[in-house]
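An overview of the molecular structure
Spelled out from the first residue to the last, the chains are:
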Amino acid sequence: MHWMEMKNDELEKQYSPSRWSHRMAADDVIKAHVKALKEGTEQARSLAQTLINVPYGDGDGEKLDVYIPRTNSLDVNLVIYIHGGYWQFLSKEESGFMAVPLIDKDVVVVAVGYTIAPKGDMDLMVSQVRRSVVSVIQQYSHISGLYLCGHSAGAHLAAMVLSTDWSQYSITPNIKGAFLVSGIFDLLPILSTYVNEPLKMTEEVAVRNSPSQLVPQLKQSSSGCQIVVAVAQNDSPEFRKQSEEYYKALEAAGLNVTMEDVANTDHFSIIEQLVDADYHLTKLLLKMMGKS
Ligand SMILES: N[C@@H](CC(=O)c1ccccc1NC=O)C(=O)O
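The residue numbering used here restarts from 1 in each chain and proceeds along that chain's sequence as written. Given that the model is predicted, a residue must reach a pLDDT of at least 70 before its local features are reported, and side-chain atom pairs must reach 80 or more before they are shown or counted; all residues, however, enter totals for whole chains, interfaces and linings. Here the side-chain values reflect all heavy atoms present in the structure, with hydrogen atoms and water set aside.

The name given to the chain in an unreviewed UniProt entry is Kynurenine formamidase, with Ameca splendens as the source organism. According to the UniProt record, the Pathway (unreviewed entry) comment for the chain is "Amino-acid degradation; L-tryptophan degradation via kynurenine pathway; L-kynurenine from L-tryptophan: step 2/2." UniProt positions are given in the numbering used here, feature names are shortened, and annotations may be inferred rather than shown by experiment. UniProt lists a comment for the chain under the heading Subunit (unreviewed entry), and it reads "Homodimer."

Below you can see the structure in the form of structure tokens.
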């Protein structure tokens with residue numbers, strides 16, 4: 001069924017990822033998610049050299065964390081991770097969880113902070129992640145490749161970075177690859193749901209911040225980027241459709257894109273498992289960077 005034909009309670013259910021997990025009750029899966037991300041981040045902070053709270057702008061909350069490998073290699077890749085949480089939950093403080101297996105392969109991991117709603121609005125968050133990427137490139141100009149990874153709302157923000165008209169910025173980033181994990185690429189369906197309560201997006205805001213509307217701009221700005229659209233087997237039908245349709249639009253535009261339907265995962269485990277070096281998506285990310 002198309003989202004426009006759904007009753008509001010069905011639409012809200014489709015956009016409540018926790019209600020589709022096969023592992024636990026809705027409240028428990030969110031609690032377990034936050035716990036897993038926190039513990040993973042603590043582990044990474046204890047094992048890696050870190051730079052915490054590096055500013056990328058003058059605004060409140062415009063800070064990022066860097067997880068640094070112990071290496072003498074000249075071939076160092078960098079992954080910028082953009083956290084999820086419906087643009088209203090989570091922060092960079094629990095977003096370093098995937099650093100350990102990457103650091104082991106000489107990859108620098110950056111976890112970006114941005115101003116979640118209700119303090120921040122959609123335009124601000126999009127502007128922040130774009131500026132964070134510019135700042136990282138300016139500080140780490142010697143890296144051999146820049147990659148993006150985002151989960152859920154963070155996959156939306158990563159897709160918005162790929163869709164940037166960089167003429168307004170001081171440099172044009174060369175993003176080699178992007179992992180868009182369980183993302184939302186069309187914001188119109190959530191306008192009438194609880195998700196939009198703190199965001200207070202108007203239709204105009206939702207349209208200008210929807211990657212699905214910006215595929216021609218992405219084609220111009222990120223034609224060389226290798227894009228992976230990953231979705232969980234147990235994501236809701238609407239979430240699965242969002243990924244499928246965005247993948248098809250990128251494919252039709254001639255972009256280098258692949259779709260990964262990750263078996264035995266839900267909206268939360270699909271990203272939590274990046275703490276594990278043997279997880280399918282960890283291996284795929286390292287393979288993309290030529291590291292295995
Ligand atoms: N109402 C949402 C809540 C949610 O998405 C969420 C809540 C806390 C932390 C992260 C979340 N989502 C994805 O990262 C849900 O049903 O899952």
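Once that is clear, we can look at the packing of aromatic side chains. Between the rings of Phe, Tyr and Trp (Trp by its six-membered ring), a pair exists once the centres lie within 6.5 Å; its type follows the angle of the planes, with under 30 degrees stacked, over 60 edge-to-face, and the other angles tilted. One pass over the full model with this rule turns up six aromatic pairs. For the pair Y15 and F239, a centre-to-centre distance of 5.6 Å together with 50° between the ring planes defines the contact as tilted. Taken together, the residues Y15 in the loop between α1 (8-14) and α2 (26-47) and F239 in helix α9 (residues 237-252) connect sequence positions 224 residues apart. Assigned by exposure class, Y15 and F239 land together as buried. Note on F185 and Y246: the rings are 4.3 Å apart at their centroids and 10° apart in plane angle, and the pair reads as stacked. Taken together, the residues span a long stretch of sequence, with F185 in the loop between β6 (175-181) and α6 (196-199) and Y246 in helix α9 at a distance of 61 residues. Classification of Y246 as buried rests on a relative accessible area of 2%. Here a set of aromatic residues connected by ring pairs shows up, and it is made of Y86, W87 and Y194. The ring centre of W20 lies 5.0 Å from the NZ or CZ of K13, which sits over that ring. Comment: elements are numbered from the N terminus, with helices defined as DSSP H or I runs of at least four residues and strands as E runs of at least two. Whether a residue is buried, partly exposed or exposed follows from its accessible area with a 1.4 Å probe, protein chains only, as a fraction of its type maximum: under 20%, in between, or over 50%, in that order. For a ring to carry a charge above it, either NZ of a lysine or CZ of an arginine must fall within 6 Å of the ring centroid while also lying within 35 degrees of the normal to the ring plane.

By way of backbone hydrogen bonds, the strands of a sheet pair with one another, either parallel or antiparallel. The rule for pairing is simple: two strands pair if DSSP sees at least two bridges between them. In space, the eight strands of this open sheet follow the order β1-β2-β4-β3-β5-β6-β7-β8, with mixed pairing throughout. In this open sheet, the two edge strands, each paired with only one partner strand, are β1 (49-55) and β8 (256-262). In this sheet, adjacent strand axes meet at a mean angle of 15° when their direction is disregarded. Where β1 meets strand β2 (residues 63-68), five bridges bridge the pair, whose relative direction is antiparallel. Looking at β2, one finds that T50 is bridged to Y67. Packed on one face of the sheet, helix α4 (residues 122-139) meets β1, β2, β3 (77-82), β4 (107-112) and β5 (145-151) and runs near 160° to β3. Each of β6, β7 (226-232) and β8 is contacted by α9, which is oriented at about 160° to β7, the strand it contacts most. Angles shown run from 0 to 180 degrees and are taken between the N-to-C directions of axes, each axis being a line fitted to C-alpha atoms and, for helices, limited to the stretch in contact. In this description, contact between two residues means that some pair of their heavy atoms is separated by no more than 4.5 Å.

The next subject is the UniProt feature "active site" (unreviewed entry) in the chain. In the UniProt entry, the feature "active site" (unreviewed entry) is given for S152, D235 and H267. Their sequence span is 116 residues, while the largest C-alpha to C-alpha distance among them is just 10.7 Å; these annotated residues converge on one region. Here S152 is to be found in the loop between β5 and α5 (153-162). Tracing the backbone through its elements, the reader meets H267 in the loop between β8 and α10 (269-272).

Note the cis peptide between A117 and P118, where omega equals 5°. The backbone phi angle of L90 is positive, close to 70°, even though this residue is not glycine. Within the secondary structure, L90 sits in the loop between β3 and α3 (99-103). Here K200, not a glycine, exhibits a phi torsion of approximately 55°, which is positive. Considering the arrangement of structural elements, one finds K200 in the loop between α6 and α7 (203-208).

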